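Each chain, letter by letter, is given below.
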Amino acid sequence: MRKVPLVQGEFFHLYNRGVDKRVIFTKKQEYERFLAYMYLLNSPKEIRPTDFFRTHRADEVYQVDRGDPLIAIGAFCLMPNHFHIYATPLVKGGISKFMQRLQTAYTKYFNEKHARSGSLLSSTFKAEHAATDKHAKYLFSYIHLNPAKLIDKDWKTRGPKDWKKLKQYVEEYPYSSYKEYSSGEHYITNLSPFPHSLRNKEEINEHIDAWLTLKDTA
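One structure accompanies this document, and this report is about it. (Residues numbered from 1 in each chain as written. Predicted model: local features only at pLDDT ≥ 70, side-chain atom pairs only at ≥ 80, totals over all residues. Heavy atoms only, no water.)

The subject of this paragraph is the packing of aromatic side chains. The tally for this structure, following the rule as stated, stands at 20 aromatic pairs. With 6.5 Å between their ring centres and 85° between their planes, Tyr37 and Tyr109 make a pair best called edge-to-face. Of the two residues, Tyr37 is situated in helix H1 (residues 28-40) and Tyr109 in helix H3 (residues 94-113); the sequence distance between them amounts to 72 residues. Since its relative accessible area comes to 9%, Tyr109 is described here as buried. (Phe/Tyr/Trp six-rings, centres within 6.5 Å; stacked < 30°, edge-to-face > 60°. Helix = DSSP H or I, 4+ residues; strand = E, 2+ residues; numbered from the N terminus. Buried < 20%, exposed > 50% of the residue type's maximum accessible area, 1.4 Å probe, protein only.)

See below:
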């Protein structure tokens with residue numbers, strides 16, 4: 001597969017996992033801190049998270065004027081041992097700068113909380129180019145459906161055991177961008193640069209329902 005530079009106007013699936021597949025989120029506060037970093041560090045400003053969180057709660061981060069963001073995030077999902085982000089750069093080098101900040105800040109936070117040192121994540125990060133509208137729409141569903149395997153790990157190969165239960169779990173999972181689509185309140189996500197994105201709750205529900213029931217989503 002041809003490697004595409006991380007340039008403006010292109011769209012990428014960014015992901016990484018814990019070193020040796022270790023768990024990188026062990027409690028609610030760790031998920032919330034990573035989400036806060038996704039907002040706070042998506043900024044041209046040199047923000048020091050340690051200084052910020054000495055005087056602010058995690059939920060106050062979304063009130064910060066961070067300036068023009070480095071990247072636009074169309075979808076995301078945090079899982080116990082990995083994460084997914086669908087994004088496009090808004091400035092030159094935006095993705096690399098954002099991901100370096102995000103991973104460094106979270107590793108430092110996690111290591112301090114767990115009295116450990118060394119790498120937390122398996123590599124810098126991986127970036128998969130979304131070259132077509134079909135691939136982009138697939139990523140919106142793939143990322144938001146990731147939590148389904150936490151309660152039904154084989155649902156993709158044989159279909160869901162309980163379709164309604166799986167759908168409800170995905171909708172209520174607190175660490176993905178599904179909740180931003182459902183509420184219409186976009187803090188971390190920014191849909192405007194994504195011409196092929198799913199724009200609202202109705203569109204994303206329809207597309208995810210299609211995947212859960214194994215219909216053709218092309």
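The discussion continues.
Right, let's talk about the sheet that holds strand S1 (residues 12-17) for a bit. Strand order in this open sheet of four strands is S2-S3-S1-S4, and the pairing throughout is antiparallel. Each edge of the sheet is formed by a strand with only one pairing partner; in this case those strands are strand S2 (71-79) and strand S4 (126-129). Averaged over all neighbouring strand pairs, the angle between strand axes comes to 20°, with direction disregarded. Most of the contacts of H1 go to S2, to which it runs at about 170°, and overall it touches S2 and strand S3 (82-89). Its contacts with the sheet place H3 against S1, S2 and S3, and it is angled at close to 150° to S3. (Pairing = 2+ DSSP bridges. Axes fitted to C-alpha atoms, helices over the stretch in contact; angles between N-to-C directions. Contact = heavy atoms within 4.5 Å.)

The subject of this paragraph is the environment of Tyr178. Relative to the assigned elements, Tyr178 resides in helix H7 (residues 178-183). The class of Tyr178 is buried, set by a relative accessible area of 0%. Considered as a pair, Tyr178 and Ile204 are 26 residues apart in the sequence and their alpha carbons are 8.3 Å apart.

A separate point is the packing of helix H4 (residues 133-145) against helix H8 (residues 201-212). Relative placement of two packed helices is described by the angle separating their axes and the distance separating the axes. Packing of H4 against H8 leaves a shortest axis separation of 10 Å and a crossing angle of 75°. Regarding the angle of H4 to H8, the classification is roughly perpendicular. Residues Lys137, Tyr138, Ser141, His144 and Leu145 of H4 lie in contact with H8, whose contacting residues are Ile204, His207, Ile208, Trp211 and Leu212. Of the residues that constitute the contact of H4 with H8, the class distribution is six nonpolar, three polar and one charged. (Parallel < 35°, antiparallel > 145°, perpendicular 65-115°, else oblique. Nonpolar A, V, L, I, M, F, W, Y, C, P; charged D, E, K, R; others polar.)

Positive phi outside glycine occurs at Lys21, with the angle close to 60°. Its location among the elements puts Lys21 in the loop between S1 and H1. With a phi close to 50°, Ala115 is a non-glycine residue in the positive phi region. Assignment of secondary structure puts Ala115 in the loop between H3 and S4. Assessed through its relative accessible area of 74%, Ala115 is described here as exposed.

Turning next to the pairing of S3. The buried fraction of S3 is high, at eight of eight residues. Of the two faces of S3, the one holding His82, His84, Tyr86 and Thr88 and the one holding Phe83, Ile85, Ala87 and Pro89 are both buried throughout. In this structure, S1 lies alongside S3, joined through six bridges in antiparallel fashion. Along S3, the bridge assignment pairs Leu14 with Ile85. Bridge analysis of S2 against S3 gives eight bridges, and the strand direction is antiparallel. Bridge assignment links Ala72 to a residue of S3, and that residue is Thr88. With antiparallel pairing between neighbouring strands as the criterion, S2 and S3 make up a hairpin whose turn holds two residues.

Distances and angles like these do not, on their own, reveal function.
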